[in-house]
Amino acid sequence: MSQSIDEALAKLNRSTFRSRFKLNDKQIAYINEKGMETIRKHCEDIISERLSEADPKNDGKQTPMKGHPVFIAQHACACCCRGCLNKWYHVPKHVELTKIQQEKIVNLLMAWIDRQVNREC
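The rules behind the values
- Residues numbered from 1 in each chain as written.
- Predicted model: local features only at pLDDT ≥ 70, side-chain atom pairs only at ≥ 80, totals over all residues.
- Heavy atoms only, no water.
- Helix = DSSP H or I, 4+ residues; strand = E, 2+ residues; numbered from the N terminus.
- Rg over C-alpha atoms; globule rule 2.2 N^0.38 Å.
- Buried < 20%, exposed > 50% of the residue type's maximum accessible area, 1.4 Å probe, protein only.
- Contact = heavy atoms within 4.5 Å.
- Areas by Shrake-Rupley, 256 points an atom, 1.4 Å probe, with all protein chains shown as cover.
- Lys, Arg positive; Asp, Glu negative; His and termini not counted.
- Charge placed at Lys NZ, Arg CZ, Asp CG, Glu CD.
- Phe/Tyr/Trp six-rings, centres within 6.5 Å; stacked < 30°, edge-to-face > 60°.
- Lys NZ or Arg CZ within 6 Å of the ring centre and 35° of its normal.
- Axes fitted to C-alpha atoms, helices over the stretch in contact; angles between N-to-C directions.
- Parallel < 35°, antiparallel > 145°, perpendicular 65-115°, else oblique.
- Nonpolar A, V, L, I, M, F, W, Y, C, P; charged D, E, K, R; others polar.
- Core = buried A, V, L, I, M, F, W, Y, C linked by side-chain atoms within 4.5 Å.
- Salt bridge = Lys/Arg side-chain N within 4 Å of Asp/Glu carboxyl O.

Engineer: Help me get a handle on the overall build of the protein chain, residues and values and all.
Structural biologist: Summing up its helical and strand segments, the protein chain has six helices and zero strands in all. Listed by position from the N terminus, the elements making up the protein chain come as α-α-α-α-α-α. Relative to the 2.2 N^0.38 estimate, which gives 14 Å for 121 residues, the radius of gyration of the protein chain is 13 Å and therefore close to what a compact globule would have. Taking the principal axes of its C-alpha atoms as reference, the protein chain extends roughly 35 × 30 × 25 Å. Residues classed as buried in the protein chain amount to 41% of the 121 residues present. Sequence separation of 24 or more characterises 69% of the internal contacts of the protein chain that already satisfy a separation of 6 or more. Here the protein chain displays about 6900 Å² of accessible surface, and carbon together with sulfur accounts for 49% of that area. Here the protein chain carries 20 positive and 15 negative side-chain charges, and the mean point of each set is 8 Å from the other.

Below is the structure:
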C-alpha cells in the first residue's frame, strides 16, 4: 500500500465495480449519530478481527455487502478480503497484517467514508 490515499481512491473510482458502492442515507445518519471517532474504532476492530490474520476465517466471504458503513467502505476500497488486498495493493496472502498495514487500511477506509458523508465521491 505505497500509493497515497488520493491516488488509491482515484484508481478505485475508475473501477465500475468498486465505484458502485455508496453509503445510503441511513448509514450516513448512523455515522453522524455515532461520530467519526466511534466509526474509526469500529473500523479498527473490524480490520483487526476479520482481515488481519494470515488466513482469515471465510476469506473472500467474510465481509457482508450491506449493513455497517465500514463493510461498504471495505468493498468500495478493495479491502474486503485478502485476495482483493493482494490484487489491488500487493499485500501478500497468508501473512498476518502488520499494525502499520492495518492502520493504512483504516486510514483509506475512513477517507472514503469521510468523502461519502460529505458527498465528495
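So that's the structure; there's more coming.
Engineer: How would you explain the packing of aromatic side chains if you had to name every residue and give the values?
Structural biologist: Applying the stated criterion across every chain, the model contains one aromatic pair. When the ring of F17 is compared with that of F21, the centres are 5.2 Å apart and the planes differ by 85°; the resulting orientation is edge-to-face. Between R20 and the ring centre of F21, over which it is positioned, the NZ or CZ distance is 5.2 Å.

Engineer: Explain the packing of helix 2 (residues 25-34) against helix 6 (residues 99-117) residue by residue, including any values.
Structural biologist: Put simply, helix 2 and helix 6 touch, their axes get as near as 10 Å, and they point 110° apart. One finds that helix 2 runs roughly perpendicular with respect to helix 6. Across the interface between the two elements, I28, I31 and N32 of helix 2 pack against I113, Q116 and V117 of helix 6. By residue class, the composition of the contact of helix 2 with helix 6 is four nonpolar, two polar and no charged.

Engineer: So what's going on with the nonpolar core? Which residues, and what values?
Structural biologist: Among the nonpolar cores identified, the biggest contains 36 residues, and C77, Y89, L109, W112 and I113 are the most heavily contacted of them. For this core, the secondary-structure elements that each account for two or more residues are helix 1 (5-13), helix 2, helix 3 (36-50), helix 4 (69-76), helix 5 (82-89) and helix 6. Here the element with the most residues in this core is helix 6; it accounts for eight residues.

Engineer: Which residues make up the pattern of salt bridges, and what values go with them?
Structural biologist: Summed over all chains, the structure comprises three salt bridges. With a closest N to O distance of 3.0 Å, R119 and D25 form a salt bridge. Here D25 lies in helix 2 and R119 lies in the segment after helix 6, a separation of 94 residues in the sequence. Look at R119 and you get partly exposed, because its relative accessible area is 48%. A residue is classified by how much of its surface remains accessible, and D25, at 59% relative accessible area, is exposed.

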